Amino acid sequence: MAINRPRRRGRPQTVLPLHSSSTRSGVSCWYCDFKIHTFNEALFSLGRRYSRFIKMWFTVGAAFSLVTLTGVSLMLLWDSTDALTLPLRTSGVNGLLQRWLFGTTFLFPRSVSILDASSMIISTMLSVGVHEFGHGIAAASEGLRIEYIAVFLAICFPGALVAFDYDWLQSLPQSSALRIYCAGIWHNITFSAACFLTLISLPVILHPFYLYGQGPLVLAVPKVSPLYGYLSPYDVIVSVDGSNIKSPHEWINIMANYDSQILPEPSVTKGIQTFEALSHIKGYCVPDNWIKASSTSCGDELADFVYWPCNNSRPVFDNIRDEMNKSESKHCLIARDVVKCKKCWSRSDSNFNGSIGRVCDCLEDETCMTPVQIPGMSWVEVTYSSPYSSQCSEYRSNASTYSENFGFDSTFCGGTFVFIGDALSLAHSIHLSAYQPRWIFTAYMAHMPDVLEKFLACCFRISASLALVNSLPVFFLDGESILEIVLCYFTFLKRRPRLRFLRFCLVGGTILSIISFSRLLYFMIVARE
């Protein structure tokens, strides 16, 4: 992602191949490249034909690129000072790359599928192509011919470049040279912006073919997932503990909320913590004959339940801990049967002194029972539907038994199960999509929105990262050439002091960038573990 400047004052100033060398592809022990000449005439003709508009376009790009260069340089300084004071915290360029561009698992995902790898490779090639096309078309609009476009591998670092005749480039006005140098960064910025706008507009674009926000569609359930055997590909998650789930984002958030509410100790403490823990009780109206037939020793399919009085008074909450600790008050019941019973749940929507909203209308021959919360584990009730299964399609085709609520209560079209364990591991163990095919269902139709989302997100991150990295005041990147041209506008600086200041900025920027990216890699590895 650089511009090759073949000749400068009689000696090479770049590790990239020089114009005086062969224009054919070359290979050495530390460097290899592949030179492309095919697009030279086409780019030059296009650039000259629309020269006026292209110059206006890259004039705006030069302004944006200068702002980016200034902002990135300031963040780099901020990051270096922050590394000295708070070495274990990420901020500045480091934090921006980790949280906004890469995310916590973009560089080092725990598992890489063929789709993920393909998206990263194709989006990288596309982003680099957009970058180099910017340099090439900007040079053509200024009347500067392209020598070649090269894709290279230096040691273990891939890259690309556009080669020009440096003597001809030096004869151009400084504003023209600045537009050429800033063109790659500007194209990456606009390309990442286009990918971002397309990504957030995807629900509207796909609306004729897909339902969006009507429940997360299960795309894959790995064998290592705790939900393997309970959910199948192309099931739709309807609700969690009676709360409707509309998207994978809501699924992750509600599981994170349950994870934050787990009991840290074997018994519930007194006071406010007791009230908060019991204000989210899950209760079920269990028939009395089930309770009489229950045992006190629980097996694999059984779970501990205790009596939960239908009373909103404060003394009940103060004394419920003693009731839960009594072994004779516990009953082992079959969880998958209990969750089918009517709910008598407790939900708090007020302060400590307020009342608790309850749904507690059990019949006379029923008792409100609540599962005993195991320390470090969550009790999660998941309701799902299977609208695309063959059994459900056959069930719906029978007009006499068809019901609009088939997805919630039908034996063939869904069900409910209980998960007891780590809610966060549950949330991240399956692959979900917010899109459901509206008409014809195929595996290709189900996965296509997810593929588009991943590809657009990957293009956005990689293209924005290329713009950010090339804006750094570092040797051999676009930031070096841009900074050199900018310093020429400061006429009060003589040539020798200007070159010294340029070298000082580049050496300092290179060192700080190496430190910053080393910290980034470290934090990425720590986050992965």
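Residues numbered from 1 in each chain as written. Predicted model: local features only at pLDDT ≥ 70, side-chain atom pairs only at ≥ 80, totals over all residues. Heavy atoms only, no water.

- Under the Subcellular location (unreviewed entry) heading, UniProt states for the protein chain: "Endomembrane system". (UniProt positions renumbered as here; feature names shortened; annotations may be inferred.)

**Comments concerning the overall build of the protein chain**
Turning to step 1, where the next piece is worked out: Across its full length, the protein chain carries 18 helices and 16 strands.
Turning to step 2, where the next piece is worked out: With 529 residues in all, the protein chain has 44% of them scored as buried.
Turning to step 3, where the next piece is worked out: For the protein chain, the share of sequence-separated contacts (at least 6 apart) that also reach a separation of at least 24 residues comes to 76%.
Turning to step 4, where the next piece is worked out: Of the roughly 27,800 Å² of accessible surface on the protein chain, 62% is carried by carbon and sulfur atoms. (Helix = DSSP H or I, 4+ residues; strand = E, 2+ residues; numbered from the N terminus. Buried < 20%, exposed > 50% of the residue type's maximum accessible area, 1.4 Å probe, protein only. Contact = heavy atoms within 4.5 Å. Areas by Shrake-Rupley, 256 points an atom, 1.4 Å probe, with all protein chains shown as cover.)

**A look at the state of the cysteines**
Turning to step 1, where the next piece is worked out: Throughout the structure, instances matching the rule amount to two disulfides.
Turning to step 2, where the next piece is worked out: The side chain of Cys-285 participates in a disulfide bridge whose partner is Cys-362; the two sulfur atoms lie 1.9 Å from each other. Judged by the sign of its S-S torsion, about -75°, the bond between Cys-285 and Cys-362 is left-handed. Taken as a pair, Cys-285 in strand 8 (residues 284–287) and Cys-362 in the loop between strand 12 (357–358) and strand 13 (366–371) lie far apart in primary sequence, 77 residues in all. (Disulfide = S-S within 2.5 Å.)

**Let's talk about the nonpolar core**
Turning to step 1, where the next piece is worked out: Judged by nonpolar contacts, the single largest core of 27 residues is most densely connected at Phe-58, Leu-144, Phe-164, Leu-169, Ile-180 and Ile-482.
Turning to step 2, where the next piece is worked out: In terms of residues, this core owes the most to one element, helix 6 (residues 174–200), which gives eight residues.
Turning to step 3, where the next piece is worked out: Apart from residues lying up to four places away in sequence, Ile-482 is in contact with Leu-66, Leu-69, Leu-178, Tyr-181, Cys-182 and Ile-185.
Turning to step 4, where the next piece is worked out: Formed by 21 residues, the second largest nonpolar core is a distinct cluster that contains Val-240, Trp-251, Tyr-258 and Leu-432. (Core = buried A, V, L, I, M, F, W, Y, C linked by side-chain atoms within 4.5 Å.)

**A closer look at the packing of aromatic side chains**
Turning to step 1, where the next piece is worked out: In total, this model carries 10 aromatic pairs according to the counting rule given.
Turning to step 2, where the next piece is worked out: Considering the side-chain rings of Phe-196 and Phe-460, the 5.8 Å spacing of their centres and the 40° angle between planes classify their relative orientation as tilted. With Phe-196 in helix 6 and Phe-460 in helix 16 (residues 443–470), this pair connects stretches of sequence that are 264 residues apart.
Turning to step 3, where the next piece is worked out: Considering the side-chain rings of Phe-475 and Phe-476, the 6.2 Å spacing of their centres and the 50° angle between planes classify their relative orientation as tilted.
Turning to step 4, where the next piece is worked out: Among the aromatic side chains, those forming a connected cluster through ring pairs are Trp-57, Phe-64 and Trp-186.
Turning to step 5, where the next piece is worked out: Stacked on the ring of Tyr-148, the Lys or Arg Lys-35 has its end atom at 5.3 Å from the ring centre.
Turning to step 6, where the next piece is worked out: Between Arg-145 and the ring centre of Phe-44, over which it is positioned, the NZ or CZ distance is 3.9 Å. (Phe/Tyr/Trp six-rings, centres within 6.5 Å; stacked < 30°, edge-to-face > 60°. Lys NZ or Arg CZ within 6 Å of the ring centre and 35° of its normal.)

**Quick notes on unusual backbone geometry**
Turning to step 1, where the next piece is worked out: Despite not being glycine, Tyr-234 has its phi angle at roughly 75°, a positive value.
Turning to step 2, where the next piece is worked out: Along the chain, Tyr-234 turns up in the loop between strand 5 (210–220) and strand 6 (236–240).
Turning to step 3, where the next piece is worked out: With phi around 55°, Asp-241 is a residue other than glycine that occupies positive phi space.
Turning to step 4, where the next piece is worked out: Position of Asp-241 relative to the elements: it lies in the loop between strand 6 and strand 7 (243–244).

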